[in-house]
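Residues per chain, in single letters:
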Amino acid sequence: MNHQKWMSLLGLANRARKITSGEELTVKQIQSGGAKLILLSADASGNTTKKISDKCKSYEVPLKIVENRHLLGHAIGKEARVVVAVLDDGFAKKLVTLLD
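Report on the accompanying structure. Predicted model, so just to flag it, every value in this text is computed and none were measured.

Each value, and the rule that gives it
Residues numbered from 1 in each chain as written. Predicted model: local features only at pLDDT ≥ 70, side-chain atom pairs only at ≥ 80, totals over all residues. Heavy atoms only, no water. Helix = DSSP H or I, 4+ residues; strand = E, 2+ residues; numbered from the N terminus. Contact = heavy atoms within 4.5 Å. Buried < 20%, exposed > 50% of the residue type's maximum accessible area, 1.4 Å probe, protein only. Polar contact = N/O pair within 3.5 Å; in protein donor to acceptor, adjacent residues only side chain to side chain. Pairing = 2+ DSSP bridges. Axes fitted to C-alpha atoms, helices over the stretch in contact; angles between N-to-C directions. Arc of directions from axis to C-beta.

Describing the side chain of Thr-26
The residue Thr-26 is located in helix α2 (residues 23-32) in this model. Leaving out residues up to four positions away in the same chain, Thr-26 has contacts with Thr-20, Ser-21, Ile-38, Ile-52, Val-83, Val-84 and Ala-85.

Here you go:
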């Protein structure tokens, strides 16, 4: 998998203010219909993984797993992040193709 591509796209989405990160904010975005794609780190806790994937299922939001929280945080210029919600259709669609 090419980290560079999806990470720089996520960075772009971040600068465009089209993402939100953190469990609480992400869940809010899923429930309000704002989230177009959820990126979850493979090393998230079992609780978080279950909570986020259940929410994604019930609200039909696509979910992609990325290798670890450090990559996810680094992509958006922050400390480690376990979960990121992409709030823009264009960014979401492109990220899905890069992460498949």
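Here the narrative resumes.
Remarks on the side chain of Lys-64
One can find Lys-64 in strand β3 (residues 63-66). The buried category is assigned to Lys-64, whose relative accessible area is 19%. At 2.3 Å, the side chain of Lys-64 forms a polar contact with the side chain of Asp-100. Not counting the four nearest positions on each side in its chain, Lys-64 is found in contact with Leu-37, Ile-38, Leu-39, Leu-40, Val-96, Leu-99 and Asp-100.

Details of the sheet that holds strand β4 (residues 83-86)
In space, the four strands of this open sheet follow the order β1-β4-β2-β3, with mixed pairing throughout. The open sheet has two edge strands with one neighbour each: β1 (19-21) and β3. When the angles between neighbouring strand axes are averaged without regard to direction, this sheet yields 20°. Direction of pairing for β1 relative to β4: antiparallel, over a ladder of three bridges. Considered in β4, the bridge of Ile-19 is made with Val-86. Packed on one face of the sheet, helix α1 (residues 3-15) meets β1, β2 (37-41), β3 and β4 and runs near 100° to β1.

A word on the environment of Pro-62
In this fold, Pro-62 is placed in the loop between α3 (46-59) and β3. In this structure Pro-62 comes out as partly exposed when scored by relative accessible area, which is 38%. Through-space distance from the C-alpha of Pro-62 to that of Leu-37 is 5.1 Å; in sequence the pair is 25 residues apart. Once residues lying within four places of it in the same chain are set aside, the contact partners of Pro-62 are Lys-36, Leu-37 and Ile-38.

A closer look at helix α5 (residues 89-99)
Listed as buried for α5 are Phe-91, Ala-92, Leu-95 and Leu-99. Buried residues of α5, seen end-on, are gathered within an arc of 95° and therefore sit on one face of the element. Projecting away from the buried face of α5 at angles above 90 degrees are the exposed residues Lys-93 and Thr-97. As for α5, its buried residues are in contact with α1, β2, β3 and β4. The opening residue of α5 is Asp-88, an N-cap whose side-chain oxygen sits 3.0 Å from the backbone nitrogen of Gly-90.

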